Amino acid sequence: MLLAKFSLYFHTVLTEHASIYDMKHLSGKLDTDYVQSLFSMIRQTPSICACLVFDSNGLPDFKGPKYRFPDSPAPVLTGLNSYPIIISVPYDFDFLHHRANIVSTIMNKGQQLNSSPALVSQHDEKLHCTYYMAQVDPRVTLVAVSMARGKDRDTKTTVLLTEIASQLRNSYVAALLRPG
């Protein structure tokens, strides 16, 4: 499970050094192929994209999502840039209009995301979309952008996103390890 999770987290970096075919082949050997799970969710629902967003606020040594030599200078990330997108599905999705809303929702509903395993949703009337979010790690949020009409009408997206988020949190494994 952890190998599958880390292959999702580092998918973008790994694809820079291996072909997409090689990544699909290797990911297919894992217990769960989360990249394919996200693609499948998008095909089955009115979602136009799914992504993982990293919150780098409060990490003064964070220099961005790629490896950098420790002594090399790097710009300090502020504003929207302090919330880099770890991976997006589809890979070429343009977040220009959605990124500010996603970051704003993460910031405004951060306590709700931290305290509950349930999804948080935010509807945007101007863009006619709904953002569904679930925190999978203390600094990582899983986001789906859905074009379904209405705030809570997209039950298929909520079911699939909840399932993927639960798997990424390793909830099932944690439940097995609890005594009693």
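Rules behind the numbers
Residues numbered from 1 in each chain as written. Predicted model: local features only at pLDDT ≥ 70, side-chain atom pairs only at ≥ 80, totals over all residues. Heavy atoms only, no water. Helix = DSSP H or I, 4+ residues; strand = E, 2+ residues; numbered from the N terminus. Rg over C-alpha atoms; globule rule 2.2 N^0.38 Å. Buried < 20%, exposed > 50% of the residue type's maximum accessible area, 1.4 Å probe, protein only. Contact = heavy atoms within 4.5 Å. Areas by Shrake-Rupley, 256 points an atom, 1.4 Å probe, with all protein chains shown as cover. Polar contact = N/O pair within 3.5 Å; in protein donor to acceptor, adjacent residues only side chain to side chain. Phe/Tyr/Trp six-rings, centres within 6.5 Å; stacked < 30°, edge-to-face > 60°. Pairing = 2+ DSSP bridges. Axes fitted to C-alpha atoms, helices over the stretch in contact; angles between N-to-C directions. Parallel < 35°, antiparallel > 145°, perpendicular 65-115°, else oblique. Arc of directions from axis to C-beta.

With that settled, consider the overall build of the protein chain. In terms of regular secondary structure, the protein chain is built from eight helices and five strands. What you see for the protein chain is a C-alpha radius of gyration of 17 Å, in line with the 16 Å of a compact globule of 180 residues. Viewed in the frame of its principal axes, the protein chain has a C-alpha envelope of about 50 × 40 × 40 Å. Each of the 180 residues in the protein chain was classed as buried or not, and the buried ones make up 39%. In the protein chain, of all internal contacts separated by at least 6 residues, the share reaching a separation of at least 24 is 62%. Here the protein chain displays about 10,500 Å² of accessible surface, and carbon together with sulfur accounts for 58% of that area.

The next subject is the side chain of Asn-170. If you trace the backbone, Asn-170 turns up in the loop between helix 7 (155–168) and helix 8 (171–177). What makes Asn-170 buried here is its relative accessible area of 15%. Not counting residues within four places of it along the chain, the set of residues in contact with Asn-170 comprises Met-1, Leu-2 and Lys-5.

Listed as buried for helix 4 (residues 34–44) are Tyr-34, Val-35, Leu-38, Phe-39, Ser-40, Met-41 and Ile-42. Buried residues along helix 4 sit against helix 1 (2–9), helix 2 (11–15), strand 1 (47–54), strand 2 (85–89), strand 5 (140–146) and helix 7. Looking at where helix 4 begins, the residue whose side-chain oxygen comes 3.4 Å from the main-chain nitrogen of Val-35 is Asp-33.

Right, let's get into the packing of aromatic side chains. One pass over the full model with this rule turns up five aromatic pairs. Here Phe-39 and Tyr-91 contribute two aromatic rings whose centre-to-centre distance is 5.5 Å and whose plane-to-plane angle is 80 degrees, an arrangement assigned as edge-to-face. Residue Phe-39 is found in helix 4, and its partner Tyr-91 is found in the loop between strand 2 and helix 5 (99–108); the two are separated by 52 residues along the sequence. Judged by relative accessible area, which is 39%, Tyr-91 ranks as partly exposed. When the centroid spacing of 5.1 Å and the interplanar angle of 45 degrees are considered together, the rings of Phe-54 and Phe-62 count as tilted.

Pairing in this open sheet of five strands is antiparallel, and the strands run 2-1-5-4-3 from one edge to the other. Across the chains shown, the open sheet's two edge strands, defined by having one partner strand only, are strand 2 and strand 3 (120–124). In this sheet, adjacent strand axes meet at a mean angle of 20 degrees when their direction is disregarded. One ladder, built from seven bridges, connects strand 4 (residues 129–137) with strand 5; its direction is antiparallel.

Before going further, it helps to spend a moment on the pairing of strand 1. Within a regular beta strand, the side chains point alternately toward one face of the sheet and then the other, so they alternate between its two faces. Burial runs high along strand 1: seven of the eight residues are buried. Pairing geometry for strand 1 and strand 5, over seven bridges, is antiparallel. By the bridge assignment, Cys-51 is partnered in strand 5 with Val-143. For strand 1 and strand 2, the ladder comprises four bridges, and the chain directions are antiparallel. Of the residues in strand 2, the one forming a bridge with Ala-50 is Val-89.

This next bit is on the packing of helix 1 against helix 4. As a packed pair, helix 1 and helix 4 sit with axes 8 Å apart at the nearest point and diverge in direction by 65 degrees. Put simply, helix 1 runs roughly perpendicular to helix 4. Residues Ala-4, Lys-5 and Leu-8 of helix 1 form the contact with helix 4, whose own contacting residues are Tyr-34, Val-35 and Leu-38.

For the bond running from Val-89 to Pro-90, omega is 0 degrees, close enough to zero to count as cis. Note that Pro-90 resides in the loop between strand 2 and helix 5.

The next subject is helix 5. Of the positions making up helix 5, those classed as buried are Ile-102, Val-103, Thr-105 and Ile-106. The buried residues of helix 5 all sit within an arc of 160 degrees when viewed along its axis, so they share a single face. Away from its buried face, by an angle of more than 90 degrees, helix 5 presents the exposed residues Met-107 and Asn-108.

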